[in-house]
Amino acid sequence: MKKNTFLLLFACLICCQTNAGQKGYQLGKAPVDKIISTMTLEEKANLLVGGGYEVVNGKRGAILSEAKIGAAGMTVSIPRFGIPATVETDGPAGVRISPTREGESGTFYCTGFPIGTALASTWNTGMVNEVGKAMGNEVLEYGCDVLLAPGMNLHRNPLCGRNFEYYSEDPLLIGKMAASMVNGVQSQGVGTSIKHFAANNQETYRTENSSDVSQRALRELYLKGFEIAVKEGHPWTVMSSYNKLNGVYTQEDYPLLTTLLRDDWGYKGIVMTDWTDTRNTAAQVHAGDDLLMPGNKEQVKEIILAVKDGRLSMSDVDRNVKNMLEFLMKTPHFKHYQYTNKPDLKAHANVAREAADEGIVLLKNDDNTLPLKKGEKDVALFGIGSYYLIAGGTGSGDVNKAYVVNLKEGMENAGFGLQPKVNTFYEKYINFEKEEQLNEVNHVRPWWSPILPNEAVIDPTYIQLRAKDSKVAIISFTRNAGEGTDRHSGEGDFLLTAAEREMLTNVVNAFHAEHKKVIVVLNTGGVVETASWKNLPDAIILAWQPGQEGGNAIADVIKGNVNPSGKLPMTFPVNYMDIPSSKNFPYDYKGEPFDANKKDIGYTKYDEGIWVGYRYFNTFDKEVSYPFGYGLSYTSFTYNNAKIKRTKNGYEINVKITNTGKASGKEVAELYISAPKSDIDKPTYELKAFAKTMLLQPEESEVLTLKFAAPDLASFHEDSNCWVADAGAYKVLIGSSVSDIRQTLSFELKNPIEKKVKAKL
Ligand code: BGC
């Protein structure tokens, strides 16, 4: 450091100390610009850097009581301006704080809601909004200000370790879900942080890796959901991701954080970084990160220094300070909200259960295997997952919940009788395995690593005996994943293990020999291989990771109290390698431990471009195991009288859905568009709208309205940096899944629509 710079910095610190004592203009009373004009540089720098972890030890003047709650981060207070400290807490499945506190006898549990993928499977924006309200209320009543959620990165590849926190392979579904979540949470007077912006689609080397993506794929897929959430949800905060985008850290990417987000999309909130160590601080502040999280003292010093030596302009600092002050004025801490530490956990558990009920996807149900007879006795529950439900994934997306209802408990609560010998076998086995693994965990496993007992290997003759003394078999398969690592495509993750396969085959053979049915429950955070074994069981329930009420929700469906209405928010492929991005997904599992030296680390080429998920499978007519948007029901629905009308901004389609079966149920109608020939390749179908009916009684109908705006028809043309909707004949396809189209309409777009964008990323 040059001597002059050092002296200047020293002088400034002295000066800040002096000013710091004087009461200044008060936030909320004086205009923000007035406050900024009297703030010292040190005060400004402090405001732009989170309170960090060291705040726990009382440093940097932030309030202490909140730090003890175990939230992810906080901002610092500047009392002379009435600027409060605020608390930021994870995450997408509910509030993540410590359930106990030093020196306090009470508990501080939060509700474990279904994971993001399960919420998206509801295709019910109203339901997601309700979940958001309940989460937001817990943020508020536990004395926090911002929920670090929703996670909304696109499911580029099923093996991303954090897909469970995210919604879908389709940007429209992502955007609508995220906007509903944001609106729900923020209706409680607290903020959200939509994350991770942007193209953070893998965990491997997440803090160094560059996502190398074409402008078109970026705009149409990876940014589209964020654009919808920003415009329809107005989140208080956006979280810039760990990764690089086309070689530049997103956190240092001015075109991304300012030109695109603020100038093109009109975003007005703050941008905070993901929980990053010190990087190029000046570049981050300039790019438009208003808040560096979790924050450390070096970053504060560096901002001061960078302004002094001209690497950072004061106007950039002031711009960010202004954003921060405007954000802070909205927070409960600023408003002195008297939180109770007592949210209504009972009411929220009901919301969690309803959401889990509606996110369950029925993949198979031959001969009406489901629902089971009410009060059925001697149900044999196989698989550790039946006794050990995975409510949610690991890492910052996990919630410290008071309890988890497993399937065994759920079935008992629902009045089913369980086969006691199978129960006893598993309970003993799991206790033994858990102890073994927990001993190991304490010593070697990192905090994010999934903890799962291995599946039991059961003697086939024992299974044959149980087939005689049971009425029906249910087998659960569980999978877990979480922050910090990606999943792998081998046995035990994407594929069933040998033990699971053997159990499935033996149970199916034994029970079918007795003319008894077998049901599989998939308790997973993401896609697993199903094509090679789905012919074996009679029914398959995809429960996802359904939150703390999961066992009750699965039993609701088994009993028929709830008619499943969830639909897949992504494609289930036949083989992992059928997915175009698999060729460029970093963790290509070959049975060997991952070896960084042998890999092309540093970047991931999104060579598949826009051919992600059903856009690829549908356009190139590739076989899948289960298509996007698919899900069975205990009843049937017809689609009739589809009509289209031009509105001021776009198109409105009405379609009459009738329940033609014997059970009451809800149906999701999906609207796809097939565009006319263009000078760029287009997917045959793209989702442009969806809607869900209310609970329809047998023979009851509802007319659903599906809307989209004319500019939504556009694709992104890289050469001209322009969104273009070509003139010509468009087909409108309304269906129950992407491969089950029930009504077709068409319309003519007379004149092309073009919209140039500013940012090039
Ligand atoms: C995660 C974020 C999370 C933050 C705070 C980071 O490691 O990527 O999603 O909000 O930690 O816990």
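K.L.:
Give me the state of the cysteines: which residues, what numbers.
P.N.:
Following the criterion strictly, the structure yields 0 disulfides and no others. Free of any disulfide, C110 has its nearest cysteine sulfur in C144, 7.9 Å distant. Residue C110 is classed as buried on the basis of its relative accessible area of 2%. On the accessibility criterion, C144 (1% relative accessible area) is buried.

K.L.:
Describe the packing of helix α5 (residues 125-141) against helix α13 (residues 345-359), naming the residues involved and giving the relevant values.
P.N.:
Their axes nearest at 10 Å, the elements α5 and α13 cross at an angle of 150 degrees. On the basis of the axis angle, α5 is roughly antiparallel to α13. When you trace α5 past α13, the crossing you get is left-handed. Facing M127, E130, V131, A134, N137 and E138 of α5, the residues of α13 in contact are L345, H348, V351, E354, A355 and E358. Class assignment of the residues belonging to the contact of α5 with α13 gives a composition of 6 nonpolar, 2 polar and 4 charged.

K.L.:
With reference to specific residues and values, describe the environment of L257.
P.N.:
With respect to the helices and strands, L257 occurs in helix α9 (residues 254-264). L257 sits in the buried class, given a relative accessible area of 0%. Note: C-alpha distance between L257 and A198 (59 residues apart in sequence) is 9.7 Å. If we ignore the near neighbours within four places in the chain, the residues touching L257 are F197, S240, T250, Q251, R262, V271, A287, G288 and D289.

K.L.:
Requested: an account of the domain arrangement of the chain, with residues and values cited.
P.N.:
Segmentation of the chain into domains returns domain 1 (24-328), domain 2 (349-562) and domain 3 (635-756). Computed from C-alpha atoms alone, the centre-to-centre distance between domain 1 and domain 2 is 35 Å. On the side of domain 2, 40 residues touch domain 1, which itself brings 38 residues to the contact. The junction of domain 1 with domain 2 conceals about 2,900 Å² of combined surface from both sides, 59% of it contributed by carbon and sulfur atoms. When the buried surface of domain 1 facing domain 2 is broken down by residue, R96, L159 and F164 rank first, second and third, together holding 21% of it. For the pair domain 1 and domain 2, the interface holds 2 salt bridges. A salt bridge links R206 to E483, with the nearest nitrogen and oxygen atoms 3.0 Å apart. On inspection of domain 1 and its partner domain 2, the count reaches 17 residue pairs in polar contact (both at pLDDT 80 or more). Of all elements in the fold, only α4 (116-121) and α5 reach the threshold of two or more residues within the side of domain 1 that touches domain 2. Across the side of domain 1 that touches domain 2, the residue classes tally to 19 nonpolar, 12 polar and 7 charged.

K.L.:
Kindly report on the sheet that holds strand β14 (residues 539-542), identifying the contributing residues and their values.
P.N.:
Ordered in space as β10-β14-β13-β12-β11, the 5 strands form an open sheet in which the pairing is mixed. Edge positions in the sheet fall to β10 (361-365) and β11 (379-382), since each has one partner strand and no second. Here the average twist between neighbouring strands, direction ignored, is 15 degrees. Where β11 meets strand β12 (residues 472-478), 4 bridges bridge the pair, whose relative direction is parallel. Looking across to β12, one finds that L381 is bridged to I474. Against the sheet, helix α17 (residues 498-513) touches β11, β12 and β13 (518-523), its axis set at about 170 degrees to β12.

About the thresholds
Residues numbered from 1 in each chain as written. Predicted model: local features only at pLDDT ≥ 70, side-chain atom pairs only at ≥ 80, totals over all residues. Heavy atoms only, no water. Disulfide = S-S within 2.5 Å. Buried < 20%, exposed > 50% of the residue type's maximum accessible area, 1.4 Å probe, protein only. Axes fitted to C-alpha atoms, helices over the stretch in contact; angles between N-to-C directions. Helix = DSSP H or I, 4+ residues; strand = E, 2+ residues; numbered from the N terminus. Parallel < 35°, antiparallel > 145°, perpendicular 65-115°, else oblique. Left-handed = near helix turned anticlockwise from the far one by under 90°. Contact = heavy atoms within 4.5 Å. Nonpolar A, V, L, I, M, F, W, Y, C, P; charged D, E, K, R; others polar. Domains from an automatic or database assignment. Buried area = accessible area lost by both parts, 1.4 Å probe. Salt bridge = Lys/Arg side-chain N within 4 Å of Asp/Glu carboxyl O. Polar contact = N/O pair within 3.5 Å; in protein donor to acceptor, adjacent residues only side chain to side chain. Pairing = 2+ DSSP bridges.

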